[in-house]
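Secondary and tertiary structure notes
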Amino acid sequence: MESLILELKQQIIEALNLEDVTPEEIDNDASLFGEGLGLDSIDALELIVLMEKNYGIKLKDPAESKEIFKSINVMADYIAKNRKK
């Protein structure tokens, strides 16, 4: 799971062009939106594309997406259980 978490952090940094952020600076339990990493709704769309492209996971329900994108740990757990790639 630790390697998936690191991979996910690196993909998020690359996909969202977070040039001043390193994987080590992203807290696994911190919120990705708001006070945590500070992502917004456009970033959420990028995360949906990232999950579909890299893991074969299609998210259709916005409420489900909100829960999945709570933190890196929640995302990694969801990916580990649902990945197609």
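Residues numbered from 1 in each chain as written. Predicted model: local features only at pLDDT ≥ 70, side-chain atom pairs only at ≥ 80, totals over all residues. Heavy atoms only, no water.

As for the nonpolar core
Core analysis: the largest hydrophobic core is formed by 24 residues, its most contacted members being Leu8, Ile12, Met51, Leu59, Phe69 and Met75. Among the elements of the structure, helix H1 (2–15), helix H2 (41–55) and helix H4 (72–82) are those that each provide at least two residues to this core. (Core = buried A, V, L, I, M, F, W, Y, C linked by side-chain atoms within 4.5 Å. Buried < 20%, exposed > 50% of the residue type's maximum accessible area, 1.4 Å probe, protein only. Helix = DSSP H or I, 4+ residues; strand = E, 2+ residues; numbered from the N terminus.)

Examining the packing of H1 against H4
At a minimum axis separation of 10 Å, H1 and H4 run at an interaxial angle of 110 degrees. With respect to H4, the axis of H1 lies roughly perpendicular. Taken as a pair, H1 and H4 cross one another with a handedness that is right-handed. In this structure, H1 contributes Leu4, Ile5, Leu8, Lys9 and Ile12 to the contact, and H4 contributes Ile72, Asn73, Met75, Ala76, Ile79 and Ala80. Residues that form the contact of H1 with H4 fall into these classes: 9 nonpolar, 1 polar and 1 charged. (Axes fitted to C-alpha atoms, helices over the stretch in contact; angles between N-to-C directions. Parallel < 35°, antiparallel > 145°, perpendicular 65-115°, else oblique. Left-handed = near helix turned anticlockwise from the far one by under 90°. Contact = heavy atoms within 4.5 Å. Nonpolar A, V, L, I, M, F, W, Y, C, P; charged D, E, K, R; others polar.)

As for a negative patch on the surface
Taken together, Glu19, Asp20, Glu24 and Glu25 make up a surface patch of like negative charges. Within the element layout of this structure, Asp20 appears in the loop between H1 and H2. You can call Asp20 exposed: its relative accessible area is 74%. (Patch = residues over 30% accessible without salt bridge, like charges linked within 9 Å, V, L, I, M, F, W, Y side chains within 5 Å. Areas by Shrake-Rupley, 256 points an atom, 1.4 Å probe, with all protein chains shown as cover. Salt bridge = Lys/Arg side-chain N within 4 Å of Asp/Glu carboxyl O. Lys, Arg positive; Asp, Glu negative; His and termini not counted. Charge placed at Lys NZ, Arg CZ, Asp CG, Glu CD.)

Looking at H1
Taking 1.5 Å as the rise per residue, H1 with 14 residues should run 20 Å; its terminal C-alpha atoms sit 20 Å apart, in good agreement. Of the positions making up H1, those classed as buried are Leu4, Ile5, Leu8, Lys9, Gln11, Ile12 and Ile13. Where H1 is buried, its residues meet H2 and H4. Positive backbone phi, approximately 55 degrees, marks Asn17, located one or two places after H1. (Expected span 1.5 Å × (residues − 1).)

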